[in-house]
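Residue-level structural notes
Residue-level listing of the chains:
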Amino acid sequence: DVKVTQSSRYLVKRTGEKVFLECVQDMDHENMFWYRQDPGLGLRLIYFSYDVKMKEKGDIPEGYSVSREKKERFSLILESASTNQTSMYLCATVGTGSFYNEQFFGPGTRLTVL
Amino acid sequence: KNQVEQSPQSLIILEGKNCTLQCNYTVSPFSNLRWYKQDTGRGPVSLTIMTFSENTKSNGRYTATLDADTKQSSLHITASQLSDSASYICVVIYGGATNKLIFGTGTLLAVQP
């Protein structure tokens, strides 16, 4: 079974703090994604990566950056957290370079920025 | 504008009853459509995936249908159980070579004893 883990289930940070969200997968998948999920808006793509050290902006990249130094690990960075970044963050992975394959999601990190 | 709309937003049914969730999309070029189940506080888990040539696909008590002409899909749940209480999300993959995903906002289903 594919396992996608996220570093924290719940996180509370203050405005202006630098925040790191980590995602680790154990299936050697090439593609990894970061989404945020807000009520009434569905999941929205922040960034994705199709290989180590490669990254592409999604639909809402502003205020975020990412890092993919190793294939199994994809980090989402909030350089200076703001209250409007309070959300549920979901990491996902899919293998073989094809979007036809199923995306496997991590359990999510609920981030609150005060 | 590419959109995925789901209805109803929320639904309450009694245990043992059937229900149908709807997904309408205005996405082109269409590639495939997936239904995900998301339990509270968890990440989504795939239930079914359908390409444009498939009309129906089942996964246990879950049956998804797709009408590519009217751009509609439905998810039918038979003999509901308390564990079916979750959010059900419709995801449309489109864009040909670029393969982008659009997520619906989900239907929140509550199954009551």
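Scroll up to find the structure.
Rules used in this analysis
- Residues numbered from 1 in each chain as written.
- Chains lettered and ligands numbered in written order.
- Predicted model: local features only at pLDDT ≥ 70, side-chain atom pairs only at ≥ 80, totals over all residues.
- Heavy atoms only, no water.
- Phe/Tyr/Trp six-rings, centres within 6.5 Å; stacked < 30°, edge-to-face > 60°.
- Lys NZ or Arg CZ within 6 Å of the ring centre and 35° of its normal.
- Pairing = 2+ DSSP bridges.
- Helix = DSSP H or I, 4+ residues; strand = E, 2+ residues; numbered from the N terminus.
- Axes fitted to C-alpha atoms, helices over the stretch in contact; angles between N-to-C directions.
- Contact = heavy atoms within 4.5 Å.
- Buried area = accessible area lost by both parts, 1.4 Å probe.
- Salt bridge = Lys/Arg side-chain N within 4 Å of Asp/Glu carboxyl O.
- Polar contact = N/O pair within 3.5 Å; in protein donor to acceptor, adjacent residues only side chain to side chain.
- Nonpolar A, V, L, I, M, F, W, Y, C, P; charged D, E, K, R; others polar.
- Buried < 20%, exposed > 50% of the residue type's maximum accessible area, 1.4 Å probe, protein only.

What follows covers the packing of aromatic side chains. Applying the stated rule across the entire model yields nine aromatic pairs over all chains. One aromatic cluster is present, built from ring pairs that chain together Phe33(A), Tyr35(A), Phe48(A), Phe105(A), Tyr36(B) and Phe103(B). The ring of Tyr62(B) has Arg61(B) lying over it, and the distance from NZ or CZ to the ring centre is 5.7 Å.

Right, let's talk about the sheet that holds strand E7 (residues 64-70) of chain A for a bit. Residues and elements named next belong to chain A. Spatially, the four strands line up as an open sheet ordered E1-E3-E8-E7, and their pairing is antiparallel. Each edge of the sheet is formed by a strand with only one pairing partner; in this case those strands are strand E1 (4-6) and E7. Here the average twist between neighbouring strands, direction ignored, is 20°.

Let us now look at the interface of chain A and chain B. A common measure of how large an interface is: the accessible area buried when the components associate. Taken residue by residue, the interface counts 18 residues in chain A and 18 residues in chain B. Together chain A and chain B conceal approximately 1,500 Å² of surface at their shared face, both sides included; 53% is due to carbon and sulfur atoms. Linking chain A to chain B there are zero salt bridges. Across the chain A-chain B interface, the total number found is three residue pairs in polar contact (both at pLDDT 80 or more). In terms of residue class, the side of chain A that touches chain B is built from nine nonpolar, six polar and three charged.

Residue and element names in this part refer to chain B. Side-chain alternation along strand E3 (residues 19-26) places Cys19, Leu21, Cys23 and Tyr25 on a buried face and Thr20, Gln22, Asn24 and Thr26 on a face that remains uncovered. Bridging between strand E1 (residues 3-7) and E3 involves five bridges; their strand directions are antiparallel. Residue pairing in the sheet places glutamate 5 in a bridge with asparagine 24 of E3. Bridge count between E3 and strand E8 (residues 72-77): six bridges; the pairing is antiparallel. Residue pairing in the sheet places cysteine 19 in a bridge with isoleucine 77 of E8.

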